[in-house]
Amino acid sequence: MTAGDPVALGTARGRWVLAATVLASAMAFLDSTAVNVALPAIGTELDSSLSGLQWTVTGYTLSLASLILLGGALGDRYGRRRVFVVGVVWFAVASLVCGLAQSTGQLVAARVLQGIGGALLTPGSLSLIQASFRVQDRARAIGLWSALAGVTSLGGPFVGGFLIDSVSWRLVFLVNVPLAAAVVWVSARHVPESRDPAHHGRFDVLGAVLAALALGGTTYALITAGDGTGTAVWGTAAVGVGAAVGFVLRERRAADPMLPLGVFTDRQFSGANLSTLAVYGALGGFSFFLVLQLQTVLGYDATAAGAATVPGIAVISLLSSSSGALAQRIGPRWPMTVGPLVAGSGLLLLSRVDAGSGYLTGVLPGVLLFGLGMALVATPLTATVLSAAPDHLVGVASGVNNAAARAAQLLAVAALPVAVGLSGADYADPDALTSGYALGMTLCAAVLASGGVIALLTIRSDVLRAG
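Summary of the structure given here. Here the structure is a predicted model, which means the values were calculated and not measured. (Residues numbered from 1 in each chain as written. Predicted model: local features only at pLDDT ≥ 70, side-chain atom pairs only at ≥ 80, totals over all residues. Heavy atoms only, no water.)

1. Things to note about the overall build of the chain
And then number 1: Summing up its helical and strand segments, the chain has 17 helices and 0 strands in all.
And then number 2: Computed over the C-alpha atoms, the radius of gyration of the chain is 20 Å, within 12% of the 23 Å expected from 2.2 N^0.38 for a compact globule of 467 residues.
And then number 3: Once the C-alpha set of the chain is aligned to its principal axes, its extents read approximately 60 × 45 × 45 Å.
And then number 4: Across the 467 residues that make up the chain, the buried fraction comes to 59%.
And then number 5: Here the analysis covers contacts within the chain between residues at least 6 apart in sequence; of these, 85% occur between residues at least 24 apart.
And then number 6: Split by element, the accessible area of the chain, about 16700 Å² in all, is 67% carbon and sulfur.
And then number 7: Side-chain charges in the chain split into 24 positive and 21 negative, and the spacing between the mean points of these groups amounts to 14 Å. (Helix = DSSP H or I, 4+ residues; strand = E, 2+ residues; numbered from the N terminus. Rg over C-alpha atoms; globule rule 2.2 N^0.38 Å. Buried < 20%, exposed > 50% of the residue type's maximum accessible area, 1.4 Å probe, protein only. Contact = heavy atoms within 4.5 Å. Areas by Shrake-Rupley, 256 points an atom, 1.4 Å probe, with all protein chains shown as cover. Lys, Arg positive; Asp, Glu negative; His and termini not counted. Charge placed at Lys NZ, Arg CZ, Asp CG, Glu CD.)

2. Considerations on a nonpolar patch on the surface
And then number 1: A cluster of nonpolar residues, Val205, Leu206, Val209, Leu213 and Val239, forms a patch on the protein surface that exposes about 400 Å² of accessible area.
And then number 2: Ranked by the residues each element gives to the nonpolar patch, the list is headed by helix α8 (residues 205-224), at 4 residues.
And then number 3: Inspection of the secondary structure assignment puts Leu206 in helix α8.
And then number 4: Judged by its relative accessible area of 43%, Leu206 is partly exposed. (Patch = residues over 30% accessible without salt bridge, like charges linked within 9 Å, V, L, I, M, F, W, Y side chains within 5 Å. Salt bridge = Lys/Arg side-chain N within 4 Å of Asp/Glu carboxyl O.)

3. Describing the packing of aromatic side chains
And then number 1: Taken as a whole and assessed by the stated rule, the structure comprises 6 aromatic pairs.
And then number 2: Seen from their ring centres, Trp169 and Phe173 are 6.2 Å apart, and the 90° between their planes marks the pair as edge-to-face.
And then number 3: The exposure class assigned to Trp169 is buried, which follows from its relative accessible area of 2%.
And then number 4: With relative accessibility at 1%, the residue Phe173 sits in the buried group.
And then number 5: Relative to Phe289, the ring of Phe288 lies with its centre 5.7 Å away and its plane at 80°, an arrangement referred to as edge-to-face. Each member of the pair, Phe288 as well as Phe289, is classed as buried.
And then number 6: The cationic tip of Arg333 hangs over the ring face of Trp334; the distance from NZ or CZ to the ring centre is 5.6 Å. (Phe/Tyr/Trp six-rings, centres within 6.5 Å; stacked < 30°, edge-to-face > 60°. Lys NZ or Arg CZ within 6 Å of the ring centre and 35° of its normal.)

4. Some words on helix α7 (residues 176-190)
Note that an α-helix has 3.6 residues per turn; residues three or four places apart therefore point the same way.
And then number 1: A rise of 1.5 Å per residue sets the reference length of α7, with its 15 residues, at 21 Å; its end C-alpha atoms lie 21 Å apart and thus fit the reference within 8%.
And then number 2: Along α7, the positions that sit buried rather than exposed are Asn176, Ala180, Val183, Val186, Ser187 and His190. End-on, the buried residues of α7 take up no more than an arc of 130°, which puts them together on one face. The exposed residues of α7 that point more than 90 degrees off its buried face are Pro178 and Ala188. (Expected span 1.5 Å × (residues − 1). Arc of directions from axis to C-beta.)

5. Quick look at the pattern of salt bridges
And then number 1: Evaluation of the coordinates by the stated rule reveals 2 salt bridges.
And then number 2: With its nearest N and O atoms 2.9 Å apart, the salt bridge here joins Glu45 to Arg170. A residue pair is termed long-range when its members are at least 10 positions apart, and Glu45 in helix α1 (residues 12-46) and Arg170 in the loop between α5 (135-166) and α6 (171-174) qualify at 125 residues.
And then number 3: Taking the shortest distance from any N to any O, the salt bridge between Arg460 and Asp462 comes out at 2.6 Å.

6. Focus: the environment of Gly281
And then number 1: Mapped onto the secondary structure, Gly281 falls in helix α10 (residues 267-296).
And then number 2: Sequence separation of Gly281 and Leu410 is 129 residues, and the distance between their C-alpha atoms is 7.7 Å.
And then number 3: The contacts of Gly281, once residues within four sequence positions are left out, are Thr276, Ala408, Gln409 and Ala412.

7. Topic: the packing of α10 against helix α14 (residues 359-388)
And then number 1: Where α10 contacts α14, the axes come no closer than 10 Å and their chain directions differ by 150°. In terms of their interaxial angle, α10 and α14 are classed as roughly antiparallel. Remark: the crossing between α10 and α14 carries left-handed chirality. Each of Gln268, Phe269, Ala272, Asn273, Ser275, Thr276, Val279, Tyr280, Leu283, Phe286 and Leu294 in α10 lies in contact with α14, whose residues at this interface are Val363, Phe370, Met374, Val377, Ala378, Leu381, Thr384, Val385 and Ala388.
And then number 2: Tallied by class, the residues present in the contact of α10 with α14 amount to 15 nonpolar, 5 polar and no charged. (Axes fitted to C-alpha atoms, helices over the stretch in contact; angles between N-to-C directions. Parallel < 35°, antiparallel > 145°, perpendicular 65-115°, else oblique. Left-handed = near helix turned anticlockwise from the far one by under 90°. Nonpolar A, V, L, I, M, F, W, Y, C, P; charged D, E, K, R; others polar.)

8. Observations regarding the nonpolar core
And then number 1: Counting residues in each nonpolar core, the largest one holds 122 residues, and the members touching the most others are Leu347 and Leu350.
And then number 2: If you tally residues by element for this core, the top one is α1, at 16 residues.
And then number 3: If we skip the residues at most four places from it in the chain, Leu347 touches Phe286, Phe370, Met441, Cys444, Ala445 and Leu448.
And then number 4: Listed in part, the 7 residues of the second largest apolar core include Trp55, Val108, Ala407 and Leu410. (Core = buried A, V, L, I, M, F, W, Y, C linked by side-chain atoms within 4.5 Å.)

9. Quick word on the environment of Ser461
And then number 1: The topology assignment puts Ser461 in the loop between α16 (430-458) and α17 (463-466).
And then number 2: Sequence-wise, Ser461 and Gly331 are 130 residues apart; in three dimensions their C-alpha atoms are separated by 4.0 Å.
And then number 3: Look past the residues within four positions of Ser461 in its chain and what remains in contact with it is Ile330, Gly331, Pro332 and Arg333.

10. Brief notes about the environment of Ser168
And then number 1: Inspection of the secondary structure assignment puts Ser168 in the loop between α5 and α6.
And then number 2: Given the relative accessible area of 18%, Ser168 is considered buried.
And then number 3: Within the structure, Ser168 has its side chain in polar contact with the backbone nitrogen of Arg170 (distance 3.1 Å). (Polar contact = N/O pair within 3.5 Å; in protein donor to acceptor, adjacent residues only side chain to side chain.)

11. A closer look at the side chain of Glu193
And then number 1: Here Glu193 is to be found in the loop between α7 and α8.
And then number 2: Within the structure, the side chain of Glu193 is placed 3.2 Å from the backbone nitrogen of Arg82, a separation counted as a polar contact.

12. Comments concerning helix α2 (residues 50-78)
And then number 1: Here α2 spans 40 Å end to end across 29 residues, near enough to the 42 Å set by a 1.5 Å rise per residue.
And then number 2: Leu67 marks where α2 bends most, by close to 45°.
And then number 3: Count one or two residues on from α2 and you reach Gly79, which has phi positive near 120°. (Bend = angle between axes of the 7 residues up to and from the residue.)

13. What to know about the packing of helix α13 (residues 333-350) against α16
And then number 1: α16 packs onto α13 with a crossing angle of 170° between their chain directions and a minimal axis gap of 8 Å. Classed by the angle they form, the pair α13 and α16 counts as roughly antiparallel. Residues Arg333, Trp334, Met336, Thr337, Pro340, Leu341, Ala343, Gly344, Leu347, Leu348 and Leu350 of α13 form the contact with α16, whose participating residues are Tyr437, Met441, Thr442, Cys444, Ala445, Leu448, Ala449, Gly451, Gly452, Ala455 and Leu456.
And then number 2: Classifying every residue of the contact of α13 with α16 gives 16 nonpolar, 5 polar and 1 charged.

Right under this line is the structure:
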């Protein structure tokens, strides 16, 4: 099936496109959040240190964020549906390997491979929506995608906790195999193919390598800094910074760059991606810290820790589609400004959670506020990024935004434990964890607030109508 007339949202074809993109994104988002709940169980069974648990999270996010730009560019060149399906299959095979891992090292290596598949399928989800649907339906389609994908993302802790307590943490990974089979079937039968006709299959390998080195060096330095600074820390940090500079120089001079830097001359595109860094960095820190605090300090089991976020999931699922329609009507500027401030207020409430906190008065208010804020900001943020980029670069635009989101989460998980003084086996020490948790959640709230300020200063109200 190839692209013809634009797809209308309310048609059977439109529902199939949404089903394939949401289900594929669900696999990636589910694993990225469910694994946080599984960390104590993984640490116990595989005898992991805090650094090992961090790498279980960041190994996946590192390869995902490093290669997601390449994934978007390959989709534009070779076909967005084709690259999307390859990513789904790759992700499923790597998930199977994760589920069979017998050591922390094996699990981390398999998570890195899993991230490569995620880098191919994640930008494909949004670029297929942007390329397939009519212009007037795109913001609402993205809103539905955000709502449904958001449910799986924030529902990951609950689903993961149930699987962990009922069977094993391994099922968190193994469940991806049947999901992937369903996505491949739907994509082959119902999803239209699209590509950028101006490209001829060439892609920027050197740019991809430099991007991976930049993120990899910086992340390794941040994680190992928790055990003390030394030659290895400073050396890998230098590699990361040098590669980042090299990446910018390469993309400025390459004849067919992986990331055309001209897209950043658009103020809306740059502002929305800066806001993405703030919002999703805070989300990464929230997801990492809250489930550990609930289990280690409040004594929740994995299922209860995951269930604690269900009210926030309900808010996101109910409001994200309406948020997309609101942003289409009044513009994205105010939802993108107010949303991070509301979510940050929720994190400030959650920063007070300690051993004496009850769920209804100590946890629930913060979870609800955080969910409300994320529902307000997530859909307008994504729609703004895609609308601000030219249609022929929709895969690259999706890749950039996803790279910003995943890199922010990666760096948050790598840097925040170091910043708040946590290392070694502190994740299992209630006193040590509580002190670091409170400071970490406060820092995440401040980062969210900065995202709202960025949106206020950079985003126009008419950007979606102009798209």
